Amino acid sequence: MRAIQYAAPSTVEDAVAILAEHGSDARMLAGGTDLIVQVREDARDTGVFVDAKKIPELMELSVNADGSTTLGAAVPCHQLYNDAHFTATYPAVTDAARIIGSTGIQGRASVGGNLCNSGPAGDTIPPLIVHSAVCNIAGPDGERTVAVEDFCTAPGRNVLADGELLVSLTLPKPPAGSGSHYLRFIPRNEMDIAVVGAGAWLQLDGDTITAARTGLGAVAPTPLFVQAAGDALVGMTADEDAFAVAADIARDAASPIDDMRGTIAHRKQLSYVLTQRALRGAKARAQGGSPTNGH
Amino acid sequence: MATEILSGKVHVQTTINGEQVDFLAEPRESLLEVLRDHLGLTGAKEGCNNGNCGACNVVMDGALVNSCCVLSVEAAGASIETIEGVASPEGLHPLQQSFLENAALQCGVCTPGFIVAAKALLEENPNPTEYEVRWWLAGNLCRCTGYDKIVRAVLDAAERMRAEA
């Protein structure tokens, strides 16, 4: 690896000062499972690594007075799926946290890092979208918030300006009678990048859908919030006919490319099938059960 | 106080297998490079050097990690367990004994990573199913055995450890 500098600030203010001074040469280091490999393989030219893990706000995982959850940007995946409250409350996010890389990757890799890497196939991003997460960003001009579906702007790019960092995500408390699920298609059982990923969140009143959100990964330059699919479901009975309507909209919303992992036609069809399955899983969880179609 | 930006040789204090260790390393060096090249702990292996193969697995502050994807300087203040700390003066760890008896290794390059990872699994889940063993070890690649004997060795060790507990 090229020579680098390393700083481990203990406050957000210090981190912002370092990021602002070094501009695009500096980058936050959370689990390092993307950043260290990218710099070692000359895919990214970062000279100053700013360690996120000594800053309390970036390592926070706590429930707020209004029932929402603050998820620090550097909290590792394994901490999330070992947290019973988080797993029960935001199951689509832990579905993703369990399938990113391997156990050894999940020991370090964070949801915030996955988001800031801004890959189109980032597994945690559709789950964050369906859970209406908000990004808490700090920078030289103070703090601002961005809806997670507006965070990524292109492959590997996002709204963070030089000097800014993602401090945490705020996940609203899901209402009673709701559930979520995320799953992806890969050609093997584990340790792979999504050909397509789909997340869904549903709120039910009896059998009637009162609110819904779906998201897709790996079918566009950024992870997609398929707002029309969720909107179409409101007022419908949560059954296969309804899920087919939403899945059709998801297939239309997908604008994938052909690449080594899949073709356009395959990814369009997967957008349909996985949205359908994610909705089934979300429904099962909203009714107190579990998805039956695995991961 | 402004945070110091470290470069060149950095003095790092850490704990490895229960003993305090000091080393000098550049920030660009990985924990794996420090273990192998500076400290003589060559049990952890460099396989892919990009987080895919698990041959460099160590436990850092209670979490299984790929030491190739940890910067040397991140070890400051951490507690690290490597394959060298698995056996005791009394003898091999049950996992090591089970790997031998079940012929769960051929060339052996992946074995330290598998044992460190499997030990972490059994500490969290003393009675895993075959599926859980395969899932947990999905990030450890072996090009010799076809995995079957490794999985059987882990299940066998788990049974022995439960019997002794």
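Parameters and conventions
- Residues numbered from 1 in each chain as written.
- Chains lettered and ligands numbered in written order.
- Predicted model: local features only at pLDDT ≥ 70, side-chain atom pairs only at ≥ 80, totals over all residues.
- Helix = DSSP H or I, 4+ residues; strand = E, 2+ residues; numbered from the N terminus.
- Buried ≥ 20, exposed ≤ 12 C-beta atoms within 10 Å, placed from the backbone.
- Contact = placed C-beta atoms within 7 Å.
- Pairing = 2+ DSSP bridges.
- Axes fitted to C-alpha atoms, helices over the stretch in contact; angles between N-to-C directions.
- Nonpolar A, V, L, I, M, F, W, Y, C, P; charged D, E, K, R; others polar.
- Left-handed = near helix turned anticlockwise from the far one by under 90°.
- Domains from an automatic or database assignment.
- Arc of directions from axis to C-beta.
- Expected span 1.5 Å × (residues − 1).
- Parallel < 35°, antiparallel > 145°, perpendicular 65-115°, else oblique.

## Some points on the overall build of chain B
Secondary structure summary: chain B contains five helices and six strands in total. Going from the N terminus to the C terminus, chain B shows its helices and strands as β-β-β-α-β-β-β-α-α-α-α. When its C-alpha atoms are laid out on the principal axes, chain B stretches across 55 × 30 × 25 Å. Looking at chain B as a whole, 47% of its 165 residues are labelled buried. When contacts within chain B are restricted to residue pairs at least 6 apart in sequence, long-range pairs at least 24 apart make up 58% of them.

## A few points about the overall build of chain A
Within chain A, the regular secondary structure consists of eleven helices and 14 strands. Once the C-alpha set of chain A is aligned to its principal axes, its extents read approximately 55 × 45 × 35 Å. Taking all 295 residues of chain A together, the buried fraction comes to 57%. In chain A, once contacts between residues fewer than 6 apart in sequence are set aside, the share between residues at least 24 apart is 63%.

## Structural notes on unusual backbone geometry
Glycine aside, residues mostly have negative phi angles, and peptide bonds mostly take the trans form. The phi dihedral of M191 of chain A falls on the positive side, at around 60°, and the residue is not glycine. Relative to the elements of secondary structure, M191 of chain A occurs in the loop between strand 11 (178–185) and strand 12 (196–205).

## Observations regarding the sheet that holds strand 4 (residues 57–60) of chain B
All names here are of chain B. Spatial strand order, 3-2-6-4-5: five strands in an open sheet with mixed pairing. Edge positions in the sheet fall to strand 3 (19–25) and strand 5 (63–66), since each has one partner strand and no second. Shown here is a sheet whose adjacent strand axes are inclined to one another by a mean of 40°, direction ignored. The strands that helix 3 (residues 111–124) touches are strand 4 and strand 5; relative to strand 4, the one it contacts most, it runs at about 35°.

## Examining the interface of chain A and chain B
The interface of chain A with chain B comprises 31 residues on the first partner and 27 residues on the second. Those elements giving two or more residues to the side of chain A that touches chain B turn out to be strand 1 (5–7), helix 1 (12–22), helix 2 (35–40), strand 3 (48–51) and helix 6 (103–106) of chain A. Of the residues contributing to the side of chain A that touches chain B, the split by class is 16 nonpolar, nine polar and six charged. As defined by bridge partners, strand 1 of chain A adjoins strand 1 (residues 5–6) of chain B across two bridges and the pair is classed as antiparallel. By the bridge assignment, Y6 of chain A is partnered in strand 1 of chain B with L6 of chain B.

## Structural notes on the packing of helix 10 (residues 240–253) of chain A against helix 11 (residues 264–286) of chain A
Residue and element names in this part refer to chain A. Closest axis-to-axis distance for the helix 10/helix 11 pair is 8 Å, and the angle between their directions is 145°. In this structure, the crossing between helix 10 and helix 11 has a hand that is right-handed. For the pair formed by helix 10 and helix 11, the contact residues are F243, A244, A246, A247, D248, A250 and R251 on the first element and K268, S271, Y272, T275, Q276, L279 and R280 on the second. Residue composition of the contact of helix 10 with helix 11, by class: seven nonpolar, three polar and four charged.

## Describing the pairing of strand 10 (residues 165–171) of chain A
Residues and elements named next belong to chain A. Judged by how many residues are buried, strand 10 sits mostly within the fold: six of seven residues are covered. Note that strand 5 (residues 69–72) and strand 10 share four bridges and pair antiparallel. In the sheet register, L71 faces strand 10, and the bridge partner there is L169. Taken together, the five bridges between strand 6 (residues 134–139) and strand 10 define a ladder with antiparallel strand orientation. Within strand 10, the position partnered with N136 by the bridge is S168.

## Regarding the sheet that holds strand 1 of chain B
As summarised here, the arrangement of the four strands in space is 2(A)-3(A)-1(A)-1(B), forming an open sheet in which the pairing is mixed. Edge positions in the sheet fall to strand 2 (26–29) of chain A together with strand 1 of chain B, since each of these pairs with one other strand and no more. Contacting strand 1, strand 2 and strand 3 of chain A together with strand 1 of chain B, helix 1 of chain A crosses the sheet at an angle of about 165° to strand 3 of chain A.

## What to know about the domain arrangement of chain B
Residues and elements named next belong to chain B. With domains assigned, chain B is organised as domain 1 (10–85) and domain 2 (94–164). When each unit is reduced to the centre of its C-alpha atoms, the spacing between domain 1 and domain 2 is 22 Å. If you look at the interface, domain 1 gives 13 residues, while domain 2 gives eleven residues. Per element, the largest residue contribution to the side of domain 1 that touches domain 2 is three residues, and it comes from strand 4. Along the lines of polarity and charge, the residues of the side of domain 1 that touches domain 2 split into eight nonpolar, four polar and one charged.

## Observations concerning helix 2 (residues 94–101) of chain B
Residues and elements named next belong to chain B. Among all positions in helix 2, only L95, Q96, S98 and F99 are buried. Buried residues of helix 2, seen end-on, are gathered within an arc of 165° and therefore sit on one face of the element. Residues L100 and E101 are exposed on helix 2 and point more than 90 degrees away from its buried face. The elements touched by buried residues of helix 2 are helix 3 and helix 5 (148–164). A103 occupies a position one or two residues after helix 2 and carries a positive phi of about 50°.

## Quick look at helix 10 of chain A
Residues three or four positions apart in an α-helix share a direction because the helix packs 3.6 residues into each turn. Residues and elements named next belong to chain A. In this model helix 10 runs 20 Å from its N-terminal to its C-terminal C-alpha over 14 residues, within 8% of the 20 Å that 1.5 Å per residue would give. Among the residues of helix 10, those classed as buried are A242, F243, A246, A247, I249, A250, R251 and A253. Tucked inside the fold, the buried residues of helix 10 contact strand 13 (208–217), strand 14 (224–225), helix 9 (227–233) and helix 11.

## Re the packing of helix 2 of chain B against helix 5 of chain B
Residue and element names in this part refer to chain B. As a packed pair, helix 2 and helix 5 sit with axes 8 Å apart at the nearest point and diverge in direction by 135°. Classified by the angle between their axes, helix 2 and helix 5 sit oblique to one another. The interaxial crossing formed by helix 2 with helix 5 has right-handed handedness. Residues P94, L95, S98 and F99 of helix 2 lie in contact with helix 5, whose contacting residues are A153, D156, A157, R160 and M161. Considering only residue class, the contact of helix 2 with helix 5 consists of six nonpolar, one polar and two charged.

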